[in-house]
Amino acid sequence: MLSLSVAACLAVALVSCDAAGPEPFEVDVVVESYQVAGEPAAPVRLTRSVPLDSTFDIEDAGVRGADVRVERLNADGAVLQTIPYAADPDSVGFYRPVAQTGNSVPDIEPLSTYRLRVATESGDRIRAVTTVPDTFSIVAANRDTATYQSDEEIAVRITPSRTPGRDQAFYIFSTESLDPTEENLVPLIQEFLRQDENIVLQDVVITSSPILNEAGYTQNADGTFTLRLPWVAVAFYGPNRSRINVLDENLYDFIRSQTAQQGGGGFTPGSIPNVIETVEGGAGVFGSMASVSREIYVARGE
């Protein structure tokens, strides 16, 4: 999956950075859910936003007792299928899909549109819609082992993924360490953890790259694409599981605008745009992606 850092700002107030100055703080129900094409319906996390100067506590911020469902829609917006959700008794604010026919959770259909509907006990009514990218596959890889930050990058050739309403796909690499020990941390992440005592080892087990657009990959004559694993997406030496994710419109907009909030995108002070959200009646992101994965090994340099 994507790194949790993708949604790091969901738990706190999203303050406007435009010239008009910060907006007054209002408590929002914050949605976090990433549906994956061809995989069982994913959980939905619901929390309430807290001011930037407050401590986030999931026991206080997690939304309890909500009615949550995800609906698959046809081209006219009619409901084809409803996936009910139930609160996870062991995780405050998490809602998980309820198994249906055959005691299984329905898979998310590629190229389909899904609508999230939430009703809370306090009267909040939340809706969000995502259209799922098409699935794709790995054709070949030049290697599965590479030395960290060497010129011998791991390059993967993939089939194209069609995203409705868009003429190009946007990708993100996410890498999960399969042996996440302090001894295996790469130097950049070691330094990062030393500088911020609020970040712990578990927070960097999964890390993500920036968004890769068409300038970041190569289109081949046979219609496939070649993507190269960015070293910035690697936090640990040793065995890793690397995922290539194609983003829907919601995730693409949210991540690129969140990057601008964090100082990326070349914006000058006072001109940073707000985070782009597509949740009606709340905040956060209800998005989808298509993913493939491959195990790789990152060796230490000399």
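Now for a look at the structure at hand.

**Some words on the packing of aromatic side chains**
For the coordinates displayed, the defined rule picks out 6 aromatic pairs. Look at Phe136 and Tyr171: their rings are 6.3 Å apart centre to centre, the planes differ by 80°, and that puts the pair in the edge-to-face class. On the criterion of sequence distance, the pair formed by Phe136 in the loop between strand S7 (125-131) and strand S8 (138-141) and Tyr171 in strand S11 (residues 171-177) is long-range, its members being 35 residues apart. Here Phe136 and Tyr171 have matching classes, each one buried. Taking the centre distance of 4.0 Å and the plane angle of 15° together, the rings of Phe170 and Tyr252 count as stacked. Residue Phe170 is found in the loop between strand S10 (155-158) and S11, and its partner Tyr252 is found in helix H3 (residues 249-261); the two are separated by 82 residues along the sequence. For the pair Phe170 and Tyr252, a shared accessibility class is recorded, and that class is buried. Counting every residue linked through ring pairs, the aromatic cluster contains Phe136, Tyr171, Tyr217 and Phe225.

**Re the pattern of salt bridges**
Overall, the coordinates contain 15 salt bridges when judged by the stated rule. When the shortest N-O distance is used, the salt bridge between Arg48 and Asp124 registers 3.2 Å. Here Asp124 lies in the loop between strand S6 (113-119) and S7 and Arg48 lies in strand S2 (residues 44-48), a separation of 76 residues in the sequence. Of the residues examined, Asp124 reaches a relative accessible area of 22% and is grouped as partly exposed. The network of salt bridges with common partners includes Glu71, Arg115 and Arg117.

**Focus on the environment of Val92**
Mapped onto the elements of the fold, Val92 is located in the loop between strand S4 (79-87) and strand S5 (94-97). Measuring from C-alpha to C-alpha, the distance between Val92 and Thr47 comes to 8.8 Å, with 45 residues separating the pair along the chain. With near-sequence residues (within four places) excluded, Val92 lies in contact with Ile58, Glu59, Gly62 and Arg64.

**Re unusual backbone geometry**
Of note in this structure, Leu111 is not a glycine but carries a positive phi near 65°. With a relative accessible area of 31%, Leu111 lands in the partly exposed category. You will see that Gln149, though not glycine, has its phi angle at about 60°, which is positive. If you trace the backbone, Gln149 turns up in the loop between strand S9 (145-147) and S10. Given the relative accessible area of 53%, Gln149 is considered exposed.

Definitions and cut-offs
Numbering of residues starts from 1 in every chain and runs along the sequence as written. Local features are withheld for residues below a pLDDT of 70 in this predicted model, meaning they are given only at 70 or higher, and side-chain atom pairs are given and counted only at 80 or more; totals for whole chains, interfaces and linings count all residues. Calculation of side-chain values draws on the structure's entire complement of heavy atoms; hydrogens and water are dropped beforehand. Centre distance within 6.5 Å is the pairing criterion for rings of Phe, Tyr and Trp, where only the six-membered ring of Trp is used; planes under 30 degrees apart are then read as stacked, over 60 as edge-to-face, and the remainder as tilted. Helix and strand labels come from DSSP, where a helix needs a run of H or I of at least four residues and a strand needs a run of E of at least two; each type is numbered from the N terminus. Each residue is assigned to one of three classes by its accessible area relative to the maximum for its type, calculated with a 1.4 Å probe on protein chains only: buried under 20%, partly exposed between the two thresholds, exposed over 50%. What makes a salt bridge here is a side-chain nitrogen of Lys or Arg within 4 Å of a carboxyl oxygen of Asp or Glu, nothing more. Whether two residues touch is decided by their heavy atoms; if any such pair falls within 4.5 Å, the residues are in contact.

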